[in-house]
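The residues making up each chain are set out below.
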2 protein chains.
Amino acid sequence: MSANPVIFNNTVLRDGHQSLAATRMTTEQMLPALELLDNIGFGCLETWGGATIDAGLRFLKEFPFDRLDAIRAKTKSKHMMLLRGQNIVQYAHFPDDIVNAFITTTANHGMDIFRIFDALNDPRNMGTAIKAAKAAGKEAQGVICYTSSPVHNTESFIKLGQDLEDLGCGSLCLKDMAGLVPPRQAYDIIKGLKDSVKIPIVLHTHETAGIGATTYYAGIEAGVDSIDTSIIPFANGTGQPDTARMLALLENHPRAPKYDLDALQALREHFTKVYEELSDYTSFANERVDADALKYQVPGGMLSNFRNQLKEQGMEDKFEDVFKEIPVVRKALGWIPLVTPTSQIVGVQAMLNVKFGRWKNFSPQATDIALGYYGRTPAPVDTEVQRIAATKSGKDPITCRPADLKDPGMDALRAALAAKDYPTNDEHCVIQAMFPQELEVYYKSKDAPAAPKPTKTAPTDRESIDLGSGPRHYGINLDGKRYAVTVDES
Amino acid sequence: MSANPVIFNNTVLRDGHQSLAATRMTTEQMLPALELLDNIGFGCLETWGGATIDAGLRFLKEFPFDRLDAIRAKTKSKHMMLLRGQNIVQYAHFPDDIVNAFITTTANHGMDIFRIFDALNDPRNMGTAIKAAKAAGKEAQGVICYTSSPVHNTESFIKLGQDLEDLGCGSLCLKDMAGLVPPRQAYDIIKGLKDSVKIPIVLHTHETAGIGATTYYAGIEAGVDSIDTSIIPFANGTGQPDTARMLALLENHPRAPKYDLDALQALREHFTKVYEELSDYTSFANERVDADALKYQVPGGMLSNFRNQLKEQGMEDKFEDVFKEIPVVRKALGWIPLVTPTSQIVGVQAMLNVKFGRWKNFSPQATDIALGYYGRTPAPVDTEVQRIAATKSGKDPITCRPADLKDPGMDALRAALAAKDYPTNDEHCVIQAMFPQELEVYYKSKDAPAAPKPTKTAPTDRESIDLGSGPRHYGINLDGKRYAVTVDES
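Residues numbered from 1 in each chain as written. Chains lettered and ligands numbered in written order. Predicted model: local features only at pLDDT ≥ 70, side-chain atom pairs only at ≥ 80, totals over all residues. Heavy atoms only, no water.

1. Remarks on the overall build of chain A
For clarity, the threshold we go by: Every helix listed is a DSSP run of H or I at least four residues long, and every strand listed is a run of E at least two residues long, numbered separately from the N terminus. Think of it in three bands: with a 1.4 Å probe and only protein chains considered, a residue is buried below 20% of the maximum accessible area for its type, exposed above 50%, and partly exposed in between. Here, two residues are considered to be in contact whenever any of their heavy atoms come within 4.5 Å of each other. Areas reported as accessible are Shrake-Rupley estimates using a 1.4 Å probe. Residue values count occlusion only from the protein chains shown.
Along its length, chain A carries 22 helices and ten strands. Here chain A holds 490 residues, and the buried ones make up 63% of them. Partitioning the intrachain contacts of chain A with sequence separation of at least 6 by distance along the chain shows that 75% fall at a separation of at least 24. Just so you have it, chain A exposes about 17,600 Å², and 51% of that area is on carbon and sulfur atoms.

2. Some thoughts on the side chain of Arg115(B)
Spelled out, the test is: Here a polar contact means two N or O atoms within 3.5 Å. Within protein one must be a hydrogen donor candidate and the other an acceptor candidate, and residues neighboring in sequence count only if both atoms are side-chain atoms.
For Arg115(B), the position within the fold is in strand S4 (residues 113–116). Among the polar contacts made by the side chain of Arg115(B), one reaches the side chain of Asp228(B) at a distance of 2.7 Å.

3. Points about the state of the cysteines
Note the cut-off: By disulfide we mean two sulfur atoms from cysteines, separated by a distance within 2.5 Å.
A complete count under the given rule lists zero disulfides over all chains for this structure. In this structure Cys44(B) is not part of a disulfide, and its nearest cysteine sulfur, from Cys173(B), lies 9.7 Å away.

4. Regarding the domain arrangement of chain A
All names here are of chain A. Filter applied, for reference: Where a domain begins and ends is set by an automatic assignment or by a domain database. Simply put, the buried area is the total loss of 1.4 Å probe accessible area from both parts when two parts are fitted together. Take a side-chain nitrogen of Lys or Arg and a carboxyl oxygen of Asp or Glu: if they are within 4 Å of each other, that pair is a salt bridge. Any residue outside Ala, Val, Leu, Ile, Met, Phe, Trp, Tyr, Cys, Pro, Asp, Glu, Lys and Arg is labelled polar, Gly included; the first ten of those are nonpolar and the last four are charged.
As assigned here, chain A comprises domain 1 (7–283) and domain 2 (299–404). Here domain 1 and domain 2 have C-alpha centroids that lie 26 Å from each other. Facing 27 residues of domain 1, the contacting portion of domain 2 comprises 23 residues. Buried area between domain 1 and domain 2, summed over both chains or domains, comes out near 2,100 Å², and the portion from carbon and sulfur atoms is 62%. Scanning the region where domain 1 abuts domain 2 turns up one salt bridge. Measuring nitrogen to oxygen at the nearest pair gives 2.5 Å for the salt bridge that ties Asp 96 to Arg 401. If you look at where domain 1 meets domain 2, you find nine residue pairs in polar contact (both at pLDDT 80 or more). In terms of residue class, the side of domain 1 that touches domain 2 is made up of ten nonpolar, twelve polar and five charged.

5. Focus: the pairing of strand S5 (residues 139–145) of chain A
A regular strand places its side chains on the two faces of the sheet in alternate fashion. Residue and element names in this part refer to chain A. Just so we agree on the cut-off: Two strands are said to pair when DSSP picks up at least two bridges between them. Classification remark: right-handed applies to a crossover when, strands pointing away from the viewer, the course from the first strand over the helix to the second runs clockwise.
Counting buried positions over the seven residues of S5 gives six, a clear majority of the element. Looking at chain direction, strand S4 (residues 113–116) and S5 are connected through four bridges and run parallel. Counted as the bridge partner of Arg 115 is Gln 141 from S5. Between the parallel elements S4 and S5, the chain passes through helix H7 (residues 127–135) in a crossover that is right-handed.

6. Side note on the relation of the copies chain B and chain A
Stated formally: Superposition of the copies was done by least squares, using only C-alpha atoms of residues whose pLDDT is at least 70 in both.
The transform that puts chain B on chain A rotates by 180° and translates by 0.0 Å along the axis, for an RMSD of 0.0 Å. The transformation relating the two chain copies, once decomposed into turn and shift, fits a two-fold axis. If distances are taken from each C-alpha of chain B to the rotation axis, the shortest is found for Thr214(B), at 2.4 Å. Comparing interface residues between copies, 100% of those in chain B also lie at the interface in chain A; the contact surface is shared.

7. Focus on the packing of aromatic side chains
Applicable threshold: Between the rings of Phe, Tyr and Trp (Trp by its six-membered ring), a pair exists once the centres lie within 6.5 Å; its type follows the angle of the planes, with under 30 degrees stacked, over 60 edge-to-face, and the other angles tilted. Definition used: whenever NZ (Lys) or CZ (Arg) falls within 6 Å of the ring centre and also within 35 degrees of the ring normal, the charge is taken to sit over that ring.
Within the structure shown, the criterion is met by 28 aromatic pairs over all chains. Judged by centre distance (4.5 Å) and plane angle (20°), the rings of Tyr422(A) and Tyr443(A) are stacked. Taken together, the residues span a long stretch of sequence, with Tyr422(A) in the loop between helix H20 (410–420) and helix H21 (426–434) and Tyr443(A) in helix H22 (residues 436–447) at a distance of 21 residues. Taken individually, Tyr422(A) and Tyr443(A) each receive the classification buried, so the pair is uniform in this respect. Taken together, a centroid distance of 6.0 Å and an interplanar angle of 85° make the contact between Phe234(B) and Phe271(B) edge-to-face. Of the two residues, Phe234(B) sits in the loop between strand S8 (226–229) and helix H11 (243–249) while Phe271(B) sits in helix H12 (residues 261–277), which places them 37 residues apart along the sequence. Of the residues examined, Phe271(B) reaches a relative accessible area of 0% and is grouped as buried. One cation-aromatic arrangement involves Arg24(A) over Phe59(A); the distance from NZ or CZ to the ring centre is 3.7 Å. Here the guanidinium or amino end of Lys175(B) rests over the ring plane of Phe117(B), the centre of that ring lying 5.1 Å away.

8. Overview of the interface of chain B and chain A
Across the contact, 29 residues belong to chain B and 29 residues belong to chain A. Roughly 2,400 Å² of surface becomes buried between chain B and chain A when both sides are summed, with 55% attributable to carbon and sulfur atoms. Taken together, the connections running from chain B to chain A amount to two salt bridges. Summed over the shared surface of chain B and chain A, the result is nine residue pairs in polar contact (both at pLDDT 80 or more). Considered class by class, the residues forming the side of chain B that touches chain A number 15 nonpolar, six polar and eight charged.

9. A closer look at the packing of helix H20 (residues 410–419) of chain B against helix H21 (residues 426–434) of chain B
All names here are of chain B. Here is the rule: Each axis is a line fitted through C-alpha atoms, taken for helices only over the stretch in contact, and angles between the N-to-C directions span 0 to 180 degrees. In this scheme, roughly parallel covers angles under 35 degrees and roughly antiparallel covers those over 145, while 65 to 115 is roughly perpendicular and the rest are oblique.
Between H20 and H21, the shortest axis-to-axis distance is 9 Å and the interhelical angle comes to 100°. With respect to H21, the axis of H20 lies roughly perpendicular. Here H20 contributes Met 410, Leu 413, Arg 414, Ala 416 and Leu 417 to the contact with H21, which in turn contributes Asp 426, His 428, Cys 429, Gln 432 and Ala 433. In the contact of H20 with H21, the residues fall into six nonpolar, two polar and two charged.

10. Some details on unusual backbone geometry
That bond from Ile232(B) to Pro233(B) is cis: its omega, 5°, falls within 30 degrees of zero. With respect to the helices and strands, the residue Pro233(B) is situated in the loop between S8 and H11. Look at Asn121(A): it is not a glycine, yet its phi comes out positive at around 60°. Tracing the backbone shows Asn121(A) in the loop between S4 and H7. Residue Thr23(B) is not a glycine yet carries a positive backbone phi of 60°. In this structure, Thr23(B) sits in the loop between helix H1 (12–20) and helix H2 (27–30). Residue Thr23(B) is classed as buried on the basis of its relative accessible area of 4%.

11. As for H7(A)
Given 3.6 residues to a turn, an α-helix orients residues that are three or four positions apart in the same direction. Residue and element names in this part refer to chain A. What H7 keeps buried is the set Gly 127, Thr 128, Ala 129, Ile 130, Ala 132 and Ala 133. Here the buried face of H7 lies against strand S3 (79–83), helix H6 (96–108), S4, S5 and helix H8 (154–166). Downstream of H7 by one or two residues, Gly 137 has phi in the positive range, about 75°.

12. Quick look at the pattern of salt bridges
Under the criterion given, the structure shown has 44 salt bridges over all chains. Between Asp426(A) and Arg414(A) there is a salt bridge, and its shortest N-O distance comes to 2.9 Å. You can see Asp426(A) sitting in helix H21 and its partner Arg414(A) sitting in helix H20, a full twelve residues away along the chain. Between Asp38(B) and Lys76(B) there is a salt bridge whose closest N-O contact spans 3.3 Å.

13. Some points on the nonpolar core
Defined as follows: The nonpolar core is taken to be a set of buried Ala, Val, Leu, Ile, Met, Phe, Trp, Tyr and Cys residues, with the residues joined through side-chain atoms within 4.5 Å.
Judged by nonpolar contacts, the single largest core of 191 residues is most densely connected at Phe102(A), Phe271(A), Phe102(B) and Phe271(B). Phe102(B) has contacts with Trp48(B), Ile53(B), Met81(B), Leu83(B), Ile88(B), Val430(B) and Met434(B), leaving out every residue within four places of it along the chain.

14. Thoughts on the packing of helix H16 (residues 319–332) of chain B against helix H17 (residues 342–356) of chain B
All names here are of chain B. Applied cut-off: Crossings are sorted by hand: turned counterclockwise from the far helix by less than a right angle, the near helix makes the crossing left-handed, and turned clockwise it makes it right-handed.
The contact between H16 and H17 brings their axes to 8 Å, and the two run at 115°. Relative to H17, the crossing made by H16 is right-handed. Here Asp 321, Val 322, Glu 325, Ile 326, Val 329 and Arg 330 of H16 come into contact with H17, specifically with Val 346, Gln 349, Ala 350, Met 351, Asn 353 and Val 354. Residue composition of the contact of H16 with H17, grouped by class: seven nonpolar, two polar and three charged.

15. Quick look at the pairing of strand S3 (residues 79–83) of chain B
Residues and elements named next belong to chain B. Burial within S3 is extensive, with five of its five residues counted as buried. Going residue by residue along S3, you find His 79, Met 81 and Leu 83 tucked away on one face and Met 80 and Leu 82 tucked away on the opposite face as well. Across four bridges, strand S2 (residues 45–49) lies against S3 in parallel orientation. Paired with Trp 48 across the bridge in S3 is Met 81. Read as a crossover between parallel neighbours, the route from S3 over helix H6 (residues 96–108) to S4 is right-handed.

Structure, rendered in C-alpha cells:
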C-alpha cells in the first residue's frame, strides 16, 4: 500500500444506473450487493439523490426515504447524495425552510455527505444547504461544475473552490458531468485547488468522450484526494470509469490504492444480472456518444435523449441546427454550464429558437434564467435577450438570491398532506414539495395491482413535445428528468 | 501549435483492421481514404506487414506487393510496416538471404520505415533486418515488446532500447501489444529511454483493457516522440485509441498536436461504411475483453479467439484451467512475451498441458522454444522441461542465433517458382518462402470465378483442432494467424 493512496468512491447505486439505465435500479436489486460494496473500503457510497428520488417514486413506486433506510441499515460505509442546492432534487428553487427540512431529515436517516451543486455555479444557491448539512453534523461537499466557455478558466474554477471553502464546505468536488474536462486542465485545476484550499478534493467525471479515465489519472498526479468509480456494466461509457479498470490503470503508481479484485469481480457479476433485468432502459444510454459529445460539447445523456426528442418531433433533419444553436443560447444566457436543469432548459430553448425563430418563443425556464431567477449567471445575460424576456413575461429582472423571494413553505405542505390524510412528517412534506403528483400516484398505486411491464420500444419517461400553434403546456423529460414547459407562439 | 507537439502515426490500414476485423480490409476499401489520410499530416501511415500479407493473399486473393504499390502510388506520407524480425511476417525463422531480399524489395516498393520486433526480445533475431533496412536507405525501427514477468522490469526494457540503438536503429518503438502496460510504467520506460538514447521513440498500445489512452498520455508527459492512433470504428477496444479522441484528450496540453477534425470526421464516415461491409469479421473481435484481459494478462485478440477454439474443442469448461496454465508455460519457457507467434505457441501448449497432462504432449513449436531454436529466452528455460523437450524431440539445445543454422534459400525458391511457371522475381521468392500453398491457390484462383461470400456464422480462418489420439497434423489459426502444429500422444 502506498503512503498517500487515492480513495475510490463508488457510484453504482446512483450515478451508475442514472447514466446507463435511466435511473431504474430498484432497492431490491441493490440489496444483494451491499455487503460486498460495504466491505471493500470505498471512501463513500453514492446511494441517493440526483434523479433517483424522482425516478424511484415515479417509476418504481418506492418512497425515497424507504430506500435510504433499507440501504443504510445494511451498510457501515459513509453514504453520499447529490443535491441540486436550492433546487434540492428538483428543477426550481425552494424556500430555505424546505431545503433545511430536507437536509435535516435526510441527515437523520443516516446520510453522511451532501454533495451540493448549483447549475450556475452561484454559491448563493448552495449556502442554505451547506449550512444545513453542517448544522446536522454532516459533511457539506461543495461542487464546482466544470464547463468550457470564454468566461470559464482554470483560475475561475479555483476561485469558486476557495469561495466554497469559505462558505464552510468540508470538501470540494470538481464535477465534470459531460466528461469533457481535458486531463491537463483537470490537473491544473486540482493542483491549484490543492495549493489554495485545505479541505479534501474529489474528482468526478464520465467516460462519455473516452477521456474520463485519463482525467482521473491526471487528477491523481495533481494530488486529488478521491475519485468516483462505478462497476461494469453500470460503468464506462456515459457513466463513471470502472473500478477494476482504474486499479489496473494505477498499477505501479505511487498513489495506487488496494481494493479486493475478487469482490469487485463478484459485484460485476451481480450487476451484470441487474443490467440484463433493466434491458428495457439500457439501450438508449448505450448509444455511441463519444465523438458527438466531443463535437457538440454537451453531456452524453443530453445528446442521446435529445436526438430521440427531435425524432419524435419530426425534427431529425434539424439536429445540426439545434446543436449549433446551443452555444448561441448559452452565450445569450451568460454562459451557464450544462447540467440539470440548465442542460434541459438550454436544449429546449435551442429547439424553440430553431423551430420558431430566435427568441420568438421563450420558455418560462429560459425566461427566468435571463431575468436572474435562477441566480447569478457566469457572465451577464445579453441585454437585448433580457429585454425580450422581460417584455414577453411581464417580469422584472432580479439580482438578489432567488430564494430570498420565496416565502416559507413547510406549513402549507403539512396542511396539504393532512387534507389528503397522508402522513405529515418532514419526509412527506419535502417529497410533497417536489413531487406532489407523483406522491399522490404513489399512494393510489400502493393498493392497486402491479403496473404492467413497459414495452421495449419506448421508455415511459419520454413523451412527445408538440410544437404546434397556441400556448400549450407540456411535461417534458430530457436527460431522464422531467419539467414543465409552456410553448406559446404569441 | 505547441513547441514540441507529439506526432500521431495512423494504423487504420494495418493494425486497425487486424485488431478489429480479422485483417479483412481490402485494398479497394482503402483507396478512397488515402487522399484524406495522406494530407492530415500523420507521422507515418502503417500500411503493410503484420498479418496483412498473409490475410490479404489467403482470404482476399491480393498479391501483397500489389497493395503496397497501389497505396504507395496515391500517398506521399511515409509508410511503415510491421516486421517480425527473422520471421519476416511468418511464424518461423528464415535464412538471412531471404530476410535481406524481402526488405530490399519492399524498400524498392517504397516502404519507408521497418518496425522490427522479435517475440523473445532477442536482438540477434532483429540484426539482419535492421542492417538490411539501413542498407536500403530506410529507417529501421527497433521494437521493445512490453510484457510483465518476474524478469522484466523498467530497467530491462531500457537496456534493450540501448542495445537496439547500438545495433543501428533509427528509432525505437515500445510495443504494448496486449494493452497492459501501466501508464506509470510507460512513463518510467519512456523517460528512461529519452534519457539514454538519442533516437526518436514511438509508443504503441491497444485500448483492450481500457487503459491505452492513459498510457499514451503518460508517455507524452515523459517525452515520447510519437504515438499510434487509428480511426473509429477500427479504433479503441482491441485496437489503438481513436485519433479524434486523443486530440480531445490532449486539449490544453503543451504537447497537443493539430490535426484537421473535419478530415478525421470524413475518414470516420468512410471507415464506418467499410466496417459495415466487414460485418462478417467484426463480431468476434468486438467482444468485451477489458476485464478478462486484465485478469489473464494476455492480448485481447488471443483471448477471444482462444475462447472460440476451446468451444470448438468442447473444452469450454476448461477455460479457467487453460488460462491458469499460461503463466506456468511462460515460466517454464523462460518468461517469453506473448506476441506473434509466442502467444499462439504458449496458448496451444497450455491447452495441451491441460488436455493431456503437463508436458505430456509437447508441440513442435514449444519444443523449439525450449531448445533455443527461437532465440534467447528472457530467463533460462526450466532445465527439466528442456530435458523433456530434448528427449521427446531427439534434438539438441542450441545457444547460437537460430538463423545461423539456416542455409541460404533464395536460389531454391526461384527454382521452385520457375518449375511452376510463376514469376521468379524477389517479390515472388519471398512470398513463396512464407506462403507457398497460399501463393499456389492465389494463382489458381486468379482465373477461377469469384469465391462465394463466407457465411456469417464462422470466419473461414478458424479451424477446429482435434485433440484425439495419434500423431496428427493441423493448421491452426489463433489471433488470426496460422501455423502448423503436430499433436502426438506418444
